[in-house]
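Working through the structure, step by step
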Amino acid sequence: MIHRLRRNFIAIAMLSTLVVLTIIIGSLNIINYINLLQQADEILTVLSENDASFPDYSTNTEDLPSSFNVETPFNTRFFSVTIDNDLNVSNVDTKQITAIDDSTAIEYASNVIMTNNTSGFYDNYRYKVVEDDSSYMVIFVDESKELNSFHQVLFTSIMISLIGFAAVSILIIIFSKRVFEPVEESYHKQKQFITDASHELKTPLTIISANIDVLEMVNEENNWTDSIRHQISRLTTMVNQMVSLSRIDEIEELTNLVDFSLSDTLQECIDPFYEVATSQHKELLVDIENQCNYKGDQNMMKQMINLIMDNAFKYSNDNGTIKIQLKKTNKHYLLTFYNTTNEIPQGNLDQIFERFYRLDASRNSKTGGSGIGLSIVKSIVDVHKGSIHAKSEDGKSMLIEIKL
């Protein structure tokens with residue numbers, strides 16, 4: 001259990017680190033890209049407002065846009081193409097760029113107009129289409145340098161994040177062992193205490209039981225001895241369940257895995273309860289799909305079924321109904337236990353699988369329930385990598401669903 005808890009802690013810590021790094025790196029690069037687009041679009045806006053040229057900022061620097069400086073017009077590579085409504089080229093200006101000739105500029109502009117987009121990227125060029133009544137002017141700004149810089153920052157940030165993630169993961173794995181050492185020590189002490197206490201309790205319980213036998217032989221059986229014997233039986237059952245639960249919790253991986261018929265095992269466990277149902281005037285309905293083969297610990301499965309059946313009969317109401325169903329789906333087996341009962345809370349009742357939890361303490365006192373049986377059931381399901389849930393839809397019945 002401790003090893004499983006440590007693995008879960010490591011997984012959550014690593015996932016949290018990955019999420020935080022992804023958000024930070026993603027946000028920085030998105031902001032970087034948005035700034036790149038804003039600067040390019042600001043240049044295109046200036047060019048479109050000045051007939052594909054820069055105004056002279058040297059005489060009046062107050063008119064400089066926020067992202068400009070006096071060198072921006074000289075550092076910007078751009079070209080423009082004007083096409084009339086009949087798609088005839090009326091003007092090509094490539095004086096501000098050497099990587100593009102007139103024919104390539106015309107090809108780029110024609111392809112952009114065919115897309116019907118007014119702005120965007122074509123290759124490494126950010127473009128803007130300016131339309132008037134008789135023509136289209138397409139202005140392209142070379143963003144190769146900016147895009148290369150963006151890609152380098154993106155690649156570098158990802159690599160640094162991966163290295164940082166790997167380093168943090170190694171530190172988490174190393175230090176998690178130290179963090180969980182006190183927890184593991186405390187857990188083992190608790191387990192040892194339960195085991196030792198259980199063994200120590202068995203001896204006085206045996207002696208008390210023997211003394212009751214002697215008293216009954218001398219003074220005959222009476223209400224007092226019956227009550228003591230009942231409490232001895234209840235306490236003995238609780239001790240045995242505590243030991244069983246402790247042993248199951250210590251299992252990390254099942255080793256006694258065998259292929260067996262879950263259908264036959266379920267039916268075998270249910271058969272003795274038909275007489276119980278008859279004697280208690282309760283209706284027992286069973287629907288088991290044939291040939292449900294399963295690989296697991298068969299003895300644990302029998303213990304799980306018997307505990308749930310015992311729970312269903314204990315807490316079903318007078319003349320109540322118990323239904324058991326096993327069916328196979330595409331990915332798992334669905335095992336359900338339904339029983340009518342007295343008034344209980346509606347909705348999710350998964351808390352009944354907690355140790356010593358009781359929906360109704362007075363009812364458990366009458367039936368002799370310890371509040372441990374269903375905890376053992378959940379531990380068995382967990383160690384088989386399954387899931388278990390309990391619910392009440394009407395407050396007068398309980399349904400336990402197990403997926404294996």
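Placed above this text is the structure.
Presented here is a report on the structure given in the accompanying data block. (Residues numbered from 1 in each chain as written. Predicted model: local features only at pLDDT ≥ 70, side-chain atom pairs only at ≥ 80, totals over all residues. Heavy atoms only, no water.)

Considering the overall build of the chain
Of regular secondary structure, the chain possesses ten helices and 13 strands. At 39 Å, the chain has a C-alpha radius of gyration far larger than the 22 Å of a compact globule built from 404 residues. Oriented by its inertia axes, the alpha-carbon framework of the chain measures out at about 125 × 50 × 40 Å. Counting every position in the chain, which comprises 404 residues, the buried fraction comes to 38%. The long-range share in the chain, meaning contacts at least 24 apart out of those at least 6 apart in sequence, stands at 66%. Surface summary for the chain: the accessible area is close to 23800 Å², and the carbon and sulfur share equals 54%. When the 33 positive and 54 negative side-chain charges of the chain are each reduced to one mean point, those points stand 14 Å apart. (Helix = DSSP H or I, 4+ residues; strand = E, 2+ residues; numbered from the N terminus. Rg over C-alpha atoms; globule rule 2.2 N^0.38 Å. Buried < 20%, exposed > 50% of the residue type's maximum accessible area, 1.4 Å probe, protein only. Contact = heavy atoms within 4.5 Å. Areas by Shrake-Rupley, 256 points an atom, 1.4 Å probe, with all protein chains shown as cover. Lys, Arg positive; Asp, Glu negative; His and termini not counted. Charge placed at Lys NZ, Arg CZ, Asp CG, Glu CD.)

Quick word on a nonpolar patch on the surface
There is a patch of nonpolar side chains on the surface, built from L15, L18, V19 and I23 and spanning about 350 Å² of accessible area. Examined against the element boundaries, L15 turns out to sit in helix α1 (residues 2-49). Exposure remark for L15: the relative accessible area of 53% places this residue in the exposed category. (Patch = residues over 30% accessible without salt bridge, like charges linked within 9 Å, V, L, I, M, F, W, Y side chains within 5 Å. Salt bridge = Lys/Arg side-chain N within 4 Å of Asp/Glu carboxyl O.)

Considering the packing of aromatic side chains
Per the counting criterion, the structure on display carries twelve aromatic pairs. With a centroid separation of 4.7 Å and 10° between ring planes, the pair formed by F79 and F140 is classed as stacked. Of this pair, F79 sits in strand β1 (residues 78-84) while F140 is found in strand β5 (residues 135-142), placing the two residues 61 residues apart along the sequence. Exposure remark for F79: the relative accessible area of 0% places this residue in the buried category. Looking at F140, the relative accessible area reads 0%, which means it is buried. (Phe/Tyr/Trp six-rings, centres within 6.5 Å; stacked < 30°, edge-to-face > 60°.)

Some thoughts on the side chain of S169
Here S169 lies in helix α4 (residues 144-219). A distance of 2.7 Å separates a polar atom in the side chain of S169 from the backbone oxygen of F165. (Polar contact = N/O pair within 3.5 Å; in protein donor to acceptor, adjacent residues only side chain to side chain.)

Points about the sheet that holds β5
The strand order across the open sheet formed by five strands is β2-β1-β5-β4-β3, and the pairing between neighbours is antiparallel. The outermost strands of the open sheet, each flanked by one partner alone, are β2 (89-93) and β3 (119-122). Along the sheet, successive strands turn relative to each other by an average axial angle of 20°, direction set aside. One ladder, built from four bridges, connects β1 with β2; its direction is antiparallel. Within β2, the residue paired with S80 across the bridge is D93. Its contacts with the sheet place helix α3 (residues 102-115) against β1, β2, β3, β4 (125-131) and β5, and it is angled at close to 60° to β1. (Pairing = 2+ DSSP bridges. Axes fitted to C-alpha atoms, helices over the stretch in contact; angles between N-to-C directions.)

Overview of the pairing of β1
Buried residues dominate β1, accounting for six of its seven residues. As paired strands, β1 and β5 are joined by seven bridges and run antiparallel to one another. Counterpart to V81 in the pairing with β5 is V138.

Description of the side chain of S80
Here S80 is to be found in strand β1. According to the relative accessible area criterion, S80 is buried, its value standing at 3%.

Regarding unusual backbone geometry
Phi is positive for Q291, which is not a glycine, with a value near 60°. Looking at the element boundaries, Q291 is found in the loop between β7 (283-288) and β8 (293-296). By relative accessible area, Q291 is classed as exposed at 68%.

Quick word on α3
For α3, spanning 14 residues, the distance from its first C-alpha to its last is 20 Å, which sits close to the expected 20 Å at 1.5 Å a residue. Regarding α3, the residues found buried are A105, Y108, A109, V112 and I113. The buried residues of α3 occupy an angular sector of 130° when the element is viewed end-on, so they sit on one face. Next to the buried residues of α3 lie β1, β2, β3, β4 and β5. Directly after α3, the chain includes N116, whose backbone phi takes a positive value near 65°. (Expected span 1.5 Å × (residues − 1). Arc of directions from axis to C-beta.)

Function-wise, these values are silent; they only describe arrangement.
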